[in-house]
Amino acid sequence: SPPPPSPPPPSPPSPPPSPPSPPSPPASPPPPPAAGSVVIFPGYNLSWVVRMAEGEIEISIDALTNGWVGFGLAELGGMPGADIMVASVSDDGIAQIGDYWASGYFTPQLDESQDWTLVSASQSDSVTSVRATRRLDTNDRQDRSFDPSLPIAHRVIAAIGATDTFVYHAERAPATVDFFNTVADPLAQIKADPNISTLSYRAPDYVIPPQCSTEYGAQAPCTGGIADCIQTCYGTETTYTEFCFPVTLPNSHIVAVEPVVDPRSSRYVHHYQVDLTSATCAERSSGGDDAAEELTIYIAARETGPLALPEAAGFRVGAGTPYSSVVITIHYDNPSAATNVVDASGIDLHYTTLLRPHDAAVLQLGDPNVLLANAPMPPGLSRWDFFCPAVATAAALTQPLTAFARFQHMHKNGARIVSTQYDATFTTLRTSATEYFDFDFQSYHAQDAQQWTISPGDQIVTACYYDTGASSDVKWGLAGQNEMCVDYVYYYPAEPRLSQCGLGVNGLIIGGAVPFQGQEPIAFFNRTFGLPGAESDCVSDADFSHPAVGKCYAFTDALCERYGRDRVNSPPNEPSSAIDACCECRYLPPTCADQTFYSVAAIRETLIQLGEISPDQPIEIEEIDCDAAGEFGVECEEALPAEIRLNNLLPDRAQLALGVCPVSCNACGADITPSQCPPGCVPAKRKRERKLLFSAIPCGFGCEPA
């Protein structure tokens, strides 16, 4: 018989019971409220409490007035682009509060959404007291947010009125306020460091000229016999004065620049620039510094404040460097021709001999050399785009740059400035905009207070918007009534071959300027703060046109794809045609505008580095067509007297002295139809190629004069 079956294996022992779960940690207590107080001006006290858990702020104002009180969050420090609260208490004790926004120096407009809540208001002994609350972020385009992540203090404005009627203020002042108690004094740590020393430079009691009596651009020694000082007139009310000081230091790093504005003359000191130079002060005063090496280290307006560099970088100066002098150039504006105004403004340079890992430098974008000087601006609204193309950064940079600050600069007609950084495929990497530019309040850009990267092959478009009103007399230039467009970017490590990139000739500079014109300010300026219906980064095809390719409706999917962009809300392969179908190809990579006017040496070096030509290969050039330039009101010899352009890069003879693509007939697309050509133009009968940078891209038929 078979053997009996084996007994089943014993069951495994039961696992021991799990230990009890530890008790959950107690919930973190809500963050304590941030609170503080400050005197904005004598007779105006502001205090606040931030309740992060509730996402709201409560402010209290005690102001010496029986009229209205106002408080606002500003973009730069003035009224343009400000979010404003106004409150008042009538004689019979009735309190009112209003939420407003301002687009300029005129009566603010009432918000469509009223987001301030009045807690209490009273009036006694000529003091008006107001308490009000608001969400930190209202998600309202007519409000600015109280942002705890902002790495700098908030810019605020305060004002009081003489009566309860909301009209022009009796007194006002700007200020900066750290509502969240998180912003450290940028100079406190530097001044406390025993390894950091300070050099102080001041204008030696300089008397500001009441009115320039010499011709535009004429230089002369400073009045009063001040040594190492040169003053230059630009118009009757603007003087640029250079004060030169010798620098004798061991090999050092400048780690902070602190402006010191003389209160006696602050209203006349508009802005100033600080440069290190290899020229001696005697050479600079005698005009013998043409070959000097220079390094810009600071650009400031009177409200700008100090610049403290990151711990990894400093501006190199002293023994072992070429720099032997520091030059402070102050832009004085004296439109009232005031006399006997004495100025002793200047700077403090904080430096250390304990060298940091990197040297810092400044990259100037736009039109840094003001090569458009004397060229006319059109009346009304205009936008000028300046290009720093990929070929320039690819040729000049051997490694990525770390940028850490930005200062955007225009003059009195400036309305908005925006720099957009793209990679080599024209994908947007970063946009930095001053939406409501204010000539009287220029400062370091708040959104660029944190570091970012500029890589080889990146390209940057700097767009400057202007509103000259009905005037047709505005020109480009250095005077306050003239216009400029410069975007200063602070970065490290220093790259001497890319100190400037935009319109001009200096080393590897390649750039251009393309003007646009529009009619309706809200759509043309393309701002995000203001009217609720204003769309960001999109304008209607009625208000926008590109001089190279026409209006937004001229873009097909194929053309957009060619330029590395997409259209918005448009059926496939059909042109955009409606206001809500704006084309994102608006910011085009440069067509004929990315090649303007270069020196032979600069373009040859670029071509050799890219392997496009051999060192001994000639390049074909041709002179500017000054007759064509004259048709657009540009005096060719005045604007760019010695510049040339490359025939093999600029096939279109119709390009003009300002780098403007032909406005009339230069539409460029795969299959241009008669309706896509501007008035007076017809589809071209022959195909052609337009060379963009150093790559030929088929242009299709394009348009030509009818």
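Below you will find a few notes about this structure. Every value quoted in this text rests on a predicted model; they were computed, and no experiment measured them.

**Let's talk about the overall build of the protein chain**
When helices and strands are counted, the protein chain shows eight helices and 43 strands. Looking at the protein chain as a whole, 52% of its 706 residues are labelled buried. With the model as given, the accessible surface of the protein chain reaches about 30700 Å², and the carbon-plus-sulfur share is 53%.

**Observations concerning the sheet that holds strand E8 (residues 117–124)**
The strand order across the open sheet formed by five strands is E1-E2-E3-E9-E8, and the pairing between neighbours is antiparallel. Lying at the two open borders of the sheet, with one neighbouring strand each, are strand E1 (34–41) and E8. Between one strand axis and the next, the sheet turns by 10° as a mean value, whatever way the strands run. Bridge analysis of E1 against strand E2 (residues 44–51) gives seven bridges, and the strand direction is antiparallel. By the bridge assignment, Gly36 is partnered in E2 with Trp48.

**Observations regarding the sheet that holds strand E26 (residues 361–366)**
Spatially, the five strands line up as an open sheet ordered E31-E28-E33-E26-E34, and their pairing is mixed. One side of each edge strand has no neighbouring strand; the edge strands of this open sheet are strand E31 (452–454) and strand E34 (500–502). The sheet shows a mean angle of 40° between the axes of neighbouring strands, taken without regard to direction. Bridge count between strand E28 (residues 401–409) and E31: three bridges; the pairing is antiparallel. Bridged to Thr402 within E31 is Thr453.

**Section: the state of the cysteines**
This structure, assessed with the given rule, holds four disulfides. Shown here is the disulfide that connects Cys244 with Cys281, its sulfur atoms set 2.2 Å apart. Judged by the sign of its S-S torsion, about -85°, the cystine formed by Cys244 and Cys281 is left-handed. Within this pair, whereas Cys244 is found in strand E16 (residues 238–246), its partner Cys281 is found in helix H2 (residues 281–286), the two being separated by 37 residues in sequence. For the pair Cys244 and Cys281, one class covers both residues: buried. Covalent S-S linkage joins Cys388 and Cys501, the inter-sulfur distance amounting to 2.1 Å. Handedness of the Cys388-Cys501 disulfide follows from its S-S torsion of about 95°: it is right-handed.

**Some remarks on the side chain of Ser345**
Tracing the sequence through the fold places Ser345 in the loop between strand E23 (341–343) and strand E24 (346–352). Here Asp343 takes part through its side chain, which lies 2.6 Å from a polar atom of the side chain of Ser345. Beyond its immediate sequence surroundings of up to four residues, Ser345 is in contact with Arg202, Ala203, Val260, Val261, Asp262, Ser265, Val269 and Ile330.

**Digging into the packing of aromatic side chains**
The geometry of an aromatic ring pair is captured by the separation of the ring centres together with the interplanar angle, meaning the angle of the planes. Under the definition given, this model contains 21 aromatic pairs. Taking the centre distance of 5.1 Å and the plane angle of 40° together, the rings of Tyr201 and Phe245 count as tilted. In this pair, Tyr201 is assigned in strand E12 (residues 196–202) and Phe245 in strand E16, connecting sequence segments 44 residues apart. In this structure Phe245 comes out as buried when scored by relative accessible area, which is 16%. The rings of Tyr272, Tyr298, Phe315, Phe404, Phe407, Tyr444, Tyr488, Tyr490 and Tyr492 are connected pair by pair, giving a single aromatic cluster.

**Considering the pattern of salt bridges**
Across all of its chains, the model carries 16 salt bridges by this definition. We note a salt bridge from Glu242 to Arg284, for which the minimum N-O separation is 3.1 Å. With Glu242 in strand E16 and Arg284 in helix H2, this pair connects stretches of sequence that are 42 residues apart. The same class applies to Glu242 as to Arg284, namely buried. Through salt bridges that share partners, Arg51, Glu56, Glu58 and Arg131 make up one connected network.

**Things to note about the environment of Val341**
You can see Val341 is positioned in strand E23. In this structure the C-alpha to C-alpha distance between Val341 and Ser265, which are 76 residues apart in sequence, comes to 6.4 Å. If we skip the residues at most four places from it in the chain, Val341 touches Tyr206, Val207, Ile208, Ser265 and Tyr268.

**Focus: the nonpolar core**
Within the largest apolar cluster, 69 residues are counted, with the highest numbers of intra-cluster contacts made by Tyr206, Ile254, Ile297, Tyr298, Phe315 and Tyr490. For this core, the element with the highest residue contribution is strand E33 (residues 486–492), accounting for six residues. The residues contacting Phe315, other than those within four sequence positions of it, are Ser252, His253, Ile254, Leu295, Thr296, Ile297, Leu307, Leu309, Ala360, Ala361, Val362 and Tyr490. One finds Phe146, Val156, Ala158 and Ala173 within the second-largest nonpolar core, a separate group that totals 28 residues.

**Here we look at the side chain of Arg155**
Mapping Arg155 onto the fold places it in strand E10 (residues 154–160). Glu75 provides the closest opposite charge to the buried, unpaired Arg155, separated from it by 7.4 Å. Of note is the side chain of Arg155, whose polar atom sits 3.1 Å from the backbone oxygen of Glu75. In this structure the side chain of Arg155 is engaged in a polar contact, spanning 3.2 Å, whose partner is the side chain of Ser443.

**Quick notes on the environment of Met85**
Tracing the backbone through its elements, the reader meets Met85 in strand E5 (residues 82–89). Between the C-alpha atom of Met85 and that of Gln114, which follows or precedes it by 29 residues, the distance is 9.7 Å.

**A short note on unusual backbone geometry**
For the bond running from Tyr492 to Pro493, omega is -5°, close enough to zero to count as cis. Here Pro493 lies in the loop between E33 and E34. The phi dihedral of Ser126 falls on the positive side, at around 65°, and the residue is not glycine. The topology assignment puts Ser126 in the loop between E8 and strand E9 (127–135). We note that Asn139 has phi near 55°; this positive angle belongs to a residue other than glycine. Among the residues examined, Asn139 registers a relative accessible area of 71% and is labelled exposed.

**What to know about the pairing of E24**
Along any regular strand the residues' side chains alternate between the sheet's two faces. With seven of its seven residues buried, E24 lies for the most part within the structure. Side chains Gly346, Asp348, His350 and Thr352 of E24 all project onto a buried face; the interleaved residues Ile347, Leu349 and Tyr351 project onto the opposite face, where all are buried too. Taken together, the seven bridges between E12 and E24 define a ladder with antiparallel strand orientation. Paired with Thr198 across the bridge in E24 is His350. Direction of pairing for strand E17 (residues 252–260) relative to E24: antiparallel, over a ladder of seven bridges. Residue Val257 lies in a different strand from E24, and its bridge partner there is Leu349.

**Topic: the environment of Gly67**
On the secondary structure map, Gly67 appears in the loop between strand E3 (56–63) and strand E4 (69–73). Spatially, the C-alpha atom of Gly67 lies 7.5 Å from that of Thr165, the residues being 98 residues apart in sequence. Dropping the residues within four chain positions of it, Gly67 is found in contact with Gln123, Thr128, Gly161, Ala162, Thr163 and Asp164.

Rules and cut-offs
Residues numbered from 1 in each chain as written. Predicted model: local features only at pLDDT ≥ 70, side-chain atom pairs only at ≥ 80, totals over all residues. Heavy atoms only, no water. Helix = DSSP H or I, 4+ residues; strand = E, 2+ residues; numbered from the N terminus. Buried < 20%, exposed > 50% of the residue type's maximum accessible area, 1.4 Å probe, protein only. Areas by Shrake-Rupley, 256 points an atom, 1.4 Å probe, with all protein chains shown as cover. Pairing = 2+ DSSP bridges. Axes fitted to C-alpha atoms, helices over the stretch in contact; angles between N-to-C directions. Disulfide = S-S within 2.5 Å. Polar contact = N/O pair within 3.5 Å; in protein donor to acceptor, adjacent residues only side chain to side chain. Contact = heavy atoms within 4.5 Å. Phe/Tyr/Trp six-rings, centres within 6.5 Å; stacked < 30°, edge-to-face > 60°. Salt bridge = Lys/Arg side-chain N within 4 Å of Asp/Glu carboxyl O. Core = buried A, V, L, I, M, F, W, Y, C linked by side-chain atoms within 4.5 Å. Lys, Arg positive; Asp, Glu negative; His and termini not counted.

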